Amino acid sequence: MIARLLVLLVRGWQIGPSAILPPTCRYDPSCSAYAITALARYGALKGGWLAMKRIARCHPWGGYGPDPVP
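Since the model is a prediction, treat every value here as computed from it, not as a measurement. (Residues numbered from 1 in each chain as written. Predicted model: local features only at pLDDT ≥ 70, side-chain atom pairs only at ≥ 80, totals over all residues. Heavy atoms only, no water.)

Visitor: Looking at this model, I keep getting lost on the nonpolar core. Mind explaining?
Guide: Judged by nonpolar contacts, Val7, Val10, Ala35, Ile36, Leu39 and Ala51 together constitute the single largest core of 6 residues. Only α1 (2–15) and α3 (31–57) provide two or more residues apiece to this core. If you tally residues by element for this core, the top one is α3, at 4 residues. Contact partners of Ala51, with chain neighbours within four places excluded, come to Tyr34 and Ala35. (Core = buried A, V, L, I, M, F, W, Y, C linked by side-chain atoms within 4.5 Å. Buried < 20%, exposed > 50% of the residue type's maximum accessible area, 1.4 Å probe, protein only. Helix = DSSP H or I, 4+ residues; strand = E, 2+ residues; numbered from the N terminus. Contact = heavy atoms within 4.5 Å.)

Right, here's the structure in full:
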């Protein structure tokens, strides 16, 4: 139930602000797609933790390229 709510929040981000801002994704898949997959696969607690770790790595000095959900 909580994971579904979090997925709805991420989808809201994809439809709203993310659609307006220029694409700046360093990783493939994007952080929002990664979060949706992680939440669907692992649930709210572990999936949310994986998504937060991924977002924390997304900065100019971070990595880039393929980074699938484990």
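Visitor: How should the environment of Pro68 be read in this particular structure?
Guide: Along the chain, the position of Pro68 falls in the segment after β2 (65–66). On a C-alpha basis, the gap between Pro68 and Asp28 in space is 7.4 Å, while along the polypeptide they are 40 residues apart. Leave out the neighbours within four places in its chain, and Pro68 touches Asp28, Pro29 and Tyr34.

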